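An overview of the molecular structure
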Amino acid sequence: CLFVFKLIALIGNRSSKTFKPKKNIPEGSHQYELLKHAEATLGSGNLRMAVMLPDGEDLNEWVAVNTVDFFNQINMLYGTVTDFCTEEKCPIMSAGPKYEYHWADGTNIKKPIKCSAPKYIDYLMTWVQDQLDDETLFPSKIGVPFKKNFLNVAKTILKRLFRVYAHIYHQHFDSVMQLQEEAHLNTSFKHFIFFVQEFNLIDRKELVPLQELIEKLTTKDR
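Residues numbered from 1 in each chain as written. Predicted model: local features only at pLDDT ≥ 70, side-chain atom pairs only at ≥ 80, totals over all residues. Heavy atoms only, no water.

1. With respect to the UniProt feature "binding site: Zn(2+)" (unreviewed entry) in the chain
Put simply, the rule is: UniProt positions are given in the numbering used here, feature names are shortened, and annotations may be inferred rather than shown by experiment. By definition, residues are in contact when any of their heavy atoms lie within 4.5 Å. Think of it this way: any DSSP run of H or I at least four residues long counts as a helix, any run of E at least two long counts as a strand, and we number them from the N terminus. Any residue under 20% of the maximum accessible area for its type is buried, any over 50% is exposed, and the rest in between are partly exposed; the area is computed with a 1.4 Å probe on protein chains only. Here a polar contact means two N or O atoms within 3.5 Å. Within protein one must be a hydrogen donor candidate and the other an acceptor candidate, and residues neighboring in sequence count only if both atoms are side-chain atoms.
Those places that UniProt annotates as "binding site: Zn(2+)" (unreviewed entry) correspond, in this numbering, to C85, C90, H167 and H172. Of the residues just listed, which span 88 residues, no C-alpha pair is farther apart than 9.9 Å, and they cluster in one region. In contact with C90, other than residues within four places in its own chain, are C85, S116, A117, P118, H167 and H172. Relative to the elements of secondary structure, H167 occurs in helix α6 (residues 150-178). With relative accessibility at 0%, the residue H167 sits in the buried group. Filtering out sequence-adjacent residues up to four positions away, H167 remains in contact with C85, C90, M93, S94, A95, A117, I121 and H172. Reaching out from H167, the side chain makes a polar contact with the backbone oxygen of S94 at a distance of 2.8 Å.

Right, here's the structure in full:
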């Protein structure tokens, strides 16, 4: 999206690293056209309208394109605070004193394990990357159908990506402000929240760690 290009330019001056490699949508594909549509509507500045399903488009494809985009955004935003998010400073994956996350992916790690925030986020982003790279889950070729459980998979991805935002806001917002990236973080998170609200993709109880912020960011746009 438009602000991401600005974010790349700004962060690029300071650090070219993303936490994980960027996930690209193949040029010339229908999903690439959808991404361009999303960028154009985001450029208008109306985030509520920008997240709406374009006329005649498939919901699964729209969710897929935006999920990839959010992965790239969060990947980049977390990449700016990795120097501050260390095993020593963040020995548990938390979002404030009341919320702690334990990692399990149901495949390699079946029983939830307690781990540091950098370890948890590494597990999380690697897991998301594996889902996005799976052509049976996120088909990039025209005519290849989405699986029946696609939206459930997307919901799990988005629920987990939310936890990275929650950790950054609760544990690293001072660092974000020092880097003068708070406007980019807020715009990215607001876009993310409008999107998941539009399609009911994250259970409200999962959003509680950032509920006050969500209300503050979204109230004036109702």
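2. Comments concerning the packing of aromatic side chains
We apply this condition: A pair of aromatic rings is counted whenever rings of Phe, Tyr or Trp (Trp by its six-membered ring) have centres within 6.5 Å, and the orientation is called stacked for planes under 30 degrees apart, edge-to-face for over 60 and tilted otherwise. Here, over-ring charges are defined by two tests on the NZ atom of lysine or the CZ atom of arginine: distance to the ring centre within 6 Å, and angle to the ring normal within 35 degrees.
In total, this model carries 15 aromatic pairs according to the counting rule given. One Lys or Arg, K119, reaches over the ring of Y123 and ends 5.1 Å from the middle of that ring. Stacked on the ring of W127, the Lys or Arg R160 has its end atom at 4.4 Å from the ring centre.

3. What to know about the pattern of salt bridges
Formally: Between Lys or Arg on one side and Asp or Glu on the other, a salt bridge is scored when a side-chain nitrogen of the former is within 4 Å of a carboxyl oxygen of the latter.
Across all of its chains, the model carries 3 salt bridges by this definition. The partner of K114 in a salt bridge is E100, with the nearest N and O atoms 3.7 Å apart. With K114 in the loop between α4 (59-79) and α5 (117-133) and E100 in the loop between α4 and α5, this residue pair connects regions lying 14 residues apart in the sequence. K205 is the salt-bridge partner of D203, the closest N and O atoms lying 3.5 Å from each other. Assessed through its relative accessible area of 44%, D203 is described here as partly exposed. Look at K205 and you get exposed, because its relative accessible area is 59%.

4. Structural notes on the environment of M49
You can see M49 is positioned in helix α3 (residues 47-50). Overall, M49 belongs to the exposed group, its relative accessible area being 55%. Sequence separation between M49 and E198 is 149 residues, and the spatial gap between their C-alpha atoms is 9.9 Å.

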